[in-house]
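Breakdown of the fold
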Amino acid sequence: MTYNHKHRKRSSSLEAPLMPEVPRGDYFHLLEEKQRLQLKKYLLHRMFLVANIQANMEKKEIAEYYDQAFHSILKHHSGEAVTGLLLIYPTSMLYILESSDRTLRQILLDYLNHERKETEFWIQKMKIVVISHNIPTRVFMHWHVAIVRVPIMYLDDVTQSQSLEEVITDFLTQSHTLALHIFKNFKVGTKGLDDNLHHAAPNLLPPEQIIKYLCKSEKLTDPATFLSMYDKAIDITLDSEVVWPAPSRF
């Protein structure tokens, strides 16, 4: 009995294993990937802003501006809806914004685009006080806009006796307390605040002189500087990557 054997070609040498490609990214993308694995679509952040405005601005005009801006941003960019608080003083504003990183970035870009195109944009000297990253939940259920009408005479100017760090600490403590007050006293279905916060919570409203002081501070970051740092790639070489001979692929 004869058997026909089929010969198979054998490679004369073993192929060298390919070095795995190491993706380069920044810390934000690492956190974003971790959050994605936890079945959450976006990381949430909370940003505190202050800015000067032109005198005698109407609440309706300001509210409509941000409603249109938020709608346009979410229409053209993926991200979370904006919740938070906008307090309108006679010549300044305080923002507390809660949203995803991409949305907050687009809000800052919107301000910069207007500032560059318009010689006298009605929002001026915007500063970022602080950003809280990866917050577990929102404090605000909606986007609230309110006018602070009360003309208060401030007897003590704390900006003359306290350091910038102390002023910011008091400012954030007061702002957080105000946010919790709104969270506890306004029902989920309530979208708007009235303009009587100075009666309901007079001690929780940061004085306008503090907001204007923060707008003047050169130590706080403006949107242009922040976005410039934001867009720079972070490429860190770990000690474990410094080997010899160097891998053929990265």
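Each remark here, short or long, concerns the structure printed above.
The structure displayed is predicted, hence computed values, not measured ones.

**Considerations on the overall build of the protein chain**
On a plain count of helices and strands, the protein chain comes out with eight helices and five strands. Counting over 250 residues, the protein chain shows a buried share of 38%. Accessible surface, the protein chain: about 16800 Å² in total, of which carbon and sulfur atoms supply 54%.

**Things to note about the packing of aromatic side chains**
Here the structure, examined in full by the defined rule, presents nine aromatic pairs. Arranged with centres 5.3 Å apart and planes meeting at 85 degrees, the rings of Tyr65 and Trp122 form a pair that is edge-to-face. Residue Tyr65 is located in helix α2 (residues 59–76), and its partner Trp122 is located in the loop between α3 (101–117) and β4 (123–132); the two are separated by 57 residues in the primary sequence. Each member of the pair Tyr65 and Trp122 is classed as buried. With a centroid separation of 5.1 Å and an interplanar angle of 80 degrees, the aromatic rings of Phe70 and Trp143 are classed as edge-to-face. Placement of Phe70 in helix α2 and of Trp143 in strand β5 (residues 143–147) is noted, with a sequence separation of 73 residues between them. On the basis of relative accessible area, Phe70 is assigned to the buried category, the value being 9%. Trp143 gets classed as buried once you look at its relative accessible area, which sits at 14%. Ring pairing ties together the aromatic residues Tyr65, Tyr66, Phe70, Tyr95, Tyr111, Phe121, Trp122 and Trp143, which thus form one cluster.

**Digging into the sheet that holds strand β3 (residues 92–100)**
Paired through their backbone hydrogen bonds, the strands of a sheet run either parallel or antiparallel. Pairing is mixed across the open sheet formed by five strands, whose spatial order is β4-β1-β3-β2-β5. A single partner strand is all that each edge strand has here, and the edge strands are β4 and β5. Adjacent strand axes in the sheet meet at a mean angle of 15 degrees when their direction is disregarded. Here strand β1 (residues 44–53) pairs with β4 via seven bridges, running antiparallel. The residue bridging Val50 from the neighbouring strand is Lys127, located in β4.

**Things to note about the environment of Tyr230**
Relative to the helices and strands, Tyr230 resides in helix α8 (residues 223–230). Sequence spacing of Tyr230 and Arg105 is 125 residues, and the spatial spacing of their C-alpha atoms is 9.0 Å. When neighbours within four sequence positions are excluded, Tyr230 is seen to be in contact with Asp101 and Arg105.

About the thresholds
- Residues numbered from 1 in each chain as written.
- Predicted model: local features only at pLDDT ≥ 70, side-chain atom pairs only at ≥ 80, totals over all residues.
- Heavy atoms only, no water.
- Helix = DSSP H or I, 4+ residues; strand = E, 2+ residues; numbered from the N terminus.
- Buried < 20%, exposed > 50% of the residue type's maximum accessible area, 1.4 Å probe, protein only.
- Areas by Shrake-Rupley, 256 points an atom, 1.4 Å probe, with all protein chains shown as cover.
- Phe/Tyr/Trp six-rings, centres within 6.5 Å; stacked < 30°, edge-to-face > 60°.
- Pairing = 2+ DSSP bridges.
- Axes fitted to C-alpha atoms, helices over the stretch in contact; angles between N-to-C directions.
- Contact = heavy atoms within 4.5 Å.

Any functional reading would require information beyond the geometric quantities listed.
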